Amino acid sequence: MNYFRTAMLLAGLTALFMGVGYLIGGASGAMIALVIAAATNLFTYWNSDRMVLSMYGAHEVDRSTAPELVGLVAELAGRAGLPMPRVFVMDEIQPNAFATGRNPENAAVAVTTGLMNQLSREELAGVIAHELAHIKHHDTLLMTITATIAGAISMLAQFGMFFGGNRENNNGLGIVGSILMMILAPLGAMLVQMAISRTREYAADNLGARIVGQPMWLASALVKIEGAAHQVPNYEAERNPATAHMFIINPLSGHGVDNLFATHPSTQNRIAALQQLAAELGGRAAPSVGANENYPPRGPWGRSSSRRGPWG
């Protein structure tokens, strides 16, 4: 059902994009817009990972510079049946993480220093497993495509505002129509893009919890990251809000409600789904949001829970 919903939402986004092109220039306008979007998608397909990693100043680490982290990623990638992704660290206090790359063979997982410092080893494993689930589901490419199409729709809507009202064509767009298109088309694209993102987060939570074998580890990590995200600003994310959907928790402040304008499902809803999965797998009940408001700084290799992971 998640894949079906995603396909329908992506089809709706594409239809909206073609519709805006048609309103501006008829059939030829739709075709020109499609060519532009295809060229943009081709560029982002090959360069999106480098662009976003550079944007956040992420630096690559290996077994010599971060042996514990890279070893954990390697173990979980093996459990997920994935090639070893490249591992990056961002010098950012806010705990968070994202995955990027056009396919599993060219994927990367990036975590912040805040994530490594404030989460336990088990919680960090849950977060990494979630990001590996995005890679396995090819979500990193999907979100790149949706972001590109949404951006193209906004660009076309602005183009129509300047030229749509001055052209006497069969579409009869006019000044009023141009203004409405400029407002409603980007809004519609944003809603569809966010709906796709939220759908994929639930799927990644489920698969990530199965990869790590303990849904509670991910649920506990979500509690801590959610609390920190509202207390510790991520200035780079604030400057680039279009990338917010990539992170495991929205890095922007004031977006904790599960509504049409949220890039992620509410953390409460995600934990409820993980609680249900934990019950199915025989795990313990997950913590609720707010149960750990004063999240103490804990290194990922410090105190561990009584239940040990598959890596010992």
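This text gives an overview of the structure that appears in the document. Please read these numbers as outputs of a predicted model, since none were measured by experiment.

## A look at the overall build of the protein chain
Piece 1. Along its length, the protein chain carries nine helices and four strands.
Piece 2. The order of helices and strands in the protein chain, counted from the N terminus, is α-β-α-β-β-β-α-α-α-α-α-α-α.
Piece 3. Classification of the 312 residues of the protein chain by burial places 51% in the buried group.
Piece 4. Pairs at least 24 residues apart make up 72% of the contacts formed inside the protein chain by residues separated by at least 6 positions.
Piece 5. With the model as given, the accessible surface of the protein chain reaches about 14,000 Å², and the carbon-plus-sulfur share is 61%.

## A look at helix α2 (residues 67-80)
Three or four residues apart is the spacing at which side chains of an α-helix point the same way, because the helix has 3.6 residues per turn.
Piece 1. Over its 14 residues, α2 extends 20 Å from the first C-alpha to the last, a length consistent with the 20 Å expected when each residue adds 1.5 Å.
Piece 2. Where α2 is concerned, the buried positions are L69, V70, L72, V73, L76, A77 and A80. Angularly, the buried residues of α2 cover 155° about the axis, an arc narrow enough to put them on a single face.
Piece 3. Of the residues one or two after α2, G81 is the one with positive phi, at around 70°.

## Considering the nonpolar core
Piece 1. Core analysis: the largest hydrophobic core is formed by 46 residues, its most contacted members being L69, L76, V111, L115, V127, I128 and L132.
Piece 2. Counting residues in each nonpolar core, the second largest holds 14 residues, with A58, F88, F247 and L252 among its members.

## With respect to the pairing of strand β2 (residues 86-90)
Piece 1. Summarising burial for β2: four of the five residues are buried, a large majority.
Piece 2. Alignment of strand β1 (residues 59-61) against β2, held across three bridges, turns out to be antiparallel. Along β2, the bridge assignment pairs H59 with V89.

Criteria and cut-off values
Residues numbered from 1 in each chain as written. Predicted model: local features only at pLDDT ≥ 70, side-chain atom pairs only at ≥ 80, totals over all residues. Heavy atoms only, no water. Helix = DSSP H or I, 4+ residues; strand = E, 2+ residues; numbered from the N terminus. Buried < 20%, exposed > 50% of the residue type's maximum accessible area, 1.4 Å probe, protein only. Contact = heavy atoms within 4.5 Å. Areas by Shrake-Rupley, 256 points an atom, 1.4 Å probe, with all protein chains shown as cover. Expected span 1.5 Å × (residues − 1). Arc of directions from axis to C-beta. Core = buried A, V, L, I, M, F, W, Y, C linked by side-chain atoms within 4.5 Å. Pairing = 2+ DSSP bridges.

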